[in-house]
Amino acid sequence: MDLKKLDNIKVPEDEIKDMKNKIYGERKSRGFKYAVVSLALVFTIGFAFPGYTKDLPLYSNIYSIMGMDNFSEAGDLVNAVDTDKGIDIRVVEAVYSNDTVSFSFEIKSDRYLGEDITLMEDFKYRNNRSVGSTGASYFEYVGDNTYIGYVERREDFRKKDVTPLKTKVEISEIRSHSTGEKIEGNWKFDVVLNQMNVQRFRFDEEYEKDGYIVRLDNVSIDDLGTELNMTIKNNLGFDVFAYNDHPIQLKTEGGEIIDLKHEGGMGTEEVMKSNYRYDKKINFGEEYTLIINLEKNENVTYFETNADGTGDVKELTADYAYDENFIKAPSSIAIEIPLKIN
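Draft legend 1. Region of the structure containing the overall build of the protein chain. The number of helices and strands found in the protein chain is five helices and 21 strands. Across the 342 residues that make up the protein chain, the buried fraction comes to 47%. Sequence-distant contacts in the protein chain: of pairs separated by 6 or more residues, those separated by 24 or more amount to 66%. Working note: accessible area of the protein chain is about 17,800 Å², and carbon and sulfur atoms make up 45% of it.

Here's what the structure looks like:
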């Protein structure tokens, strides 16, 4: 569906007011999980009366629009807005699952900012501390100077399972990749996040093939789905990151093979920690197989500069490129790990 086409209609004001009351009423009495119904209703209005959707909560279920239905169903509605530089930024939904923190956003500007934008954001925690994080973000233009998207962070929290998590979201800049414009501002939000109830299962058996060793550390199951944490190392004497650890796949008892979402990771030359997510809960008592596909990094060069972006950029070659063990190593390694939770 092209969201840009839902912009230009006229409907009598009393009908719009009536419809808004119905939508808001459903949300208030039945909870966030019914937001999908409301969204579908708004789309119906847009097509039945070709053009007046501007004042309705069209973007109240952004995760669902982005195809992240598990985030949508498990998340909480925030609906907090701050304005600066003629731009409204609204935190729409929030998710706190295990060590993952995510927010969806609606951005309404007084002018067109270009097709592709990025937020320069910072998450601060009043009752916890993160010593490192990995993450992702995505935004798209939907017409009428409006953008929707999300920011997701996986935090290495100093204290685990702190809930409620008192979070401050600070946005200092909006960058337009298509125009090169940078809009500095000050948008701030205080959000209290409640962690989802989680079941965790620990494993410690290692599996080795061609010198690479993989251990499944933890499996966590909550309303967002299934998260898998693993450790990868090698006994070959070169940098463990000389191989990429994705895609990783989950094979069901019936033979279906599912690509897992890579949630990032961290590590040293000796040990790699990686996190993966399946957007459904795995079934208790069912036998699964994790397939870890390790691909040799054929591009052995990288670029280096100062942390603040200043100075010359140097192209360097990784040390392992000259290692005899790396040169002789196979181009790919597949390691299978049986998985069953009783």
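Moving on from the coordinates now.
Draft legend 2. Local environment of unusual backbone geometry. In this structure, the amide linkage connecting Thr163 to the following residue, Pro164, adopts the cis form with an omega of 0 degrees. Mapped onto the elements, Pro164 comes out in the loop between strand 6 (146-157) and strand 7 (165-176). With a phi close to 55 degrees, Asp144 is a non-glycine residue in the positive phi region. Assignment of secondary structure puts Asp144 in the loop between strand 5 (130-143) and strand 6.

Draft legend 3. Focus on the sheet that holds strand 4 (residues 117-125). The sheet built from three strands is open, its strands ordered 4-7-8 with antiparallel pairing. For this open sheet the edge positions go to strand 4 and strand 8 (182-193), each flanked by a neighbour on one side alone. The sheet shows a mean angle of 20 degrees between the axes of neighbouring strands, direction not considered. Direction of pairing for strand 7 relative to strand 8: antiparallel, over a ladder of 10 bridges. Looking at strand 8, one finds that Thr167 is bridged to Val191.

Draft legend 4. Layout of the packing of aromatic side chains. Enumeration according to the criterion identifies 10 aromatic pairs in this entry. A ring pair is formed by Tyr112 and Tyr141, whose centres lie 5.1 Å apart and whose planes are at 70 degrees; its orientation type is edge-to-face. Here Tyr141 lies in strand 5 and Tyr112 lies in the loop between strand 3 (100-109) and strand 4, a separation of 29 residues in the sequence. Arranged with centres 5.1 Å apart and planes meeting at 80 degrees, the rings of Tyr125 and Phe157 form a pair that is edge-to-face. With Tyr125 in strand 4 and Phe157 in strand 6, the pair connects residues that are 32 residues apart, well separated along the chain.

Draft legend 5. Structural detail: the nonpolar core. Judged by nonpolar contacts, the single largest core of 37 residues is most densely connected at Tyr212, Ile282, Leu290, Ile292 and Leu339. At five residues, strand 11 (residues 212-222) tops the list of elements feeding residues into this core. Leu290 has contacts with Leu216, Leu228, Met230, Ile248, Gln249, Leu250, Leu260, Ile335, Glu336 and Ile337, leaving out every residue within four places of it along the chain. Judged by nonpolar contacts, the second largest core, of 29 residues, contains Ile89, Leu113, Ile117 and Leu165.

Draft legend 6. View of the pattern of salt bridges. Within the structure shown, the criterion is met by 24 salt bridges. Arg153 is the salt-bridge partner of Glu121, the closest N and O atoms lying 3.3 Å from each other. Of this pair, Glu121 sits in strand 4 while Arg153 is found in strand 6, placing the two residues 32 residues apart along the sequence. Of the two residues examined, Glu121 and Arg153, each falls in the buried class. One salt bridge connects Glu206 with Lys233, and the closest N-O pair in it is separated by 3.3 Å.

Draft legend 7. Seen up close, the pairing of strand 16 (residues 261-267). Judged from the five bridges that link them, strand 16 and strand 17 (residues 271-278) form a sheet pairing that is antiparallel. Looking across to strand 17, one finds that Met266 is bridged to Lys273.

Draft legend 8. A look at the sheet that holds strand 1 (residues 76-84). Taken in spatial order, the five strands of this open sheet run 1-2-3-6-5, and their pairing is antiparallel. Of all the strands in the sheet, the pair left with one neighbour each is strand 1 and strand 5. The average angle at which neighbouring strand axes cross in this sheet is 20 degrees, direction not considered. Of the pairings in the sheet, the one linking strand 1 to strand 2 (residues 87-97) comprises seven bridges and is antiparallel in character. Bridge pairing in strand 2 links Asp76 to Ala94.

Draft legend 9. View of the environment of Lys182. Locating Lys182 in the fold gives a position in strand 8. Lys182 sits in the exposed class, given a relative accessible area of 55%. Once the C-alpha coordinates of Lys182 and Leu119 are considered, the two residues, 63 residues apart in sequence, prove to be 9.9 Å apart. Those residues in contact with Lys182 that sit more than four places away from it in its chain are Glu173, Ile174 and Arg175.

Draft legend 10. Up close: the side chain of Glu152. Considering the arrangement of structural elements, one finds Glu152 in strand 6. Take Glu152: its relative accessible area is 7%, and that puts it in the buried class.

Draft legend 11. Geometry of the side chain of Glu170. By secondary structure assignment, the location of Glu170 is in strand 7. In this structure the side chain of Glu170 is engaged in a polar contact, spanning 3.3 Å, whose partner is the side chain of Lys124. Once residues lying within four places of it in the same chain are set aside, the contact partners of Glu170 are Met120, Glu121, Asp122, Lys124, Trp187 and Lys188.

Calculation notes
Counting of residues starts from 1 at the beginning of each chain's written sequence and follows it residue by residue. Reporting in this predicted model follows two pLDDT cut-offs: at least 70 for local features of residues, and 80 or more for side-chain atom pairs to be given and counted; totals over whole chains, interfaces and linings ignore these cut-offs and use all residues. To get the side-chain values, take all heavy atoms of the structure and skip hydrogens and water. The numbering of helices and of strands both runs from the N terminus, where a helix is a DSSP run of H or I of at least 4 residues and a strand a run of E of at least 2. Buried residues are those whose accessible area, probed at 1.4 Å on protein chains only, stays under 20% of the maximum for their type, while exposed residues exceed 50% and partly exposed ones sit between those limits. We call two residues in contact when some of their heavy atoms are within 4.5 Å. Accessibility throughout is a Shrake-Rupley quantity obtained with a 1.4 Å probe, and a residue counts as covered only by protein chains that appear here. Pairing between strands requires that DSSP locate at least two bridges from one strand to the other. With axes taken as lines fitted to C-alpha atoms, and helix axes fitted only over the stretch in contact, angles between N-to-C directions fall between 0 and 180 degrees. Each aromatic pair joins two rings of Phe, Tyr and Trp (for Trp, the six-membered one) with centres within 6.5 Å, and gets the label stacked for planes under 30 degrees apart, edge-to-face for over 60, and tilted for any other angle. Side-chain atoms within 4.5 Å are what join buried Ala, Val, Leu, Ile, Met, Phe, Trp, Tyr and Cys residues into a set we call a nonpolar core. The salt bridge definition used is simple: a Lys or Arg side-chain nitrogen within 4 Å of an Asp or Glu carboxyl oxygen. Any pair of N or O atoms that falls within 3.5 Å is considered a polar contact. Within protein, one atom must be able to donate a hydrogen and the other to accept it, and sequence-neighbouring residues count only if both atoms are side-chain atoms.

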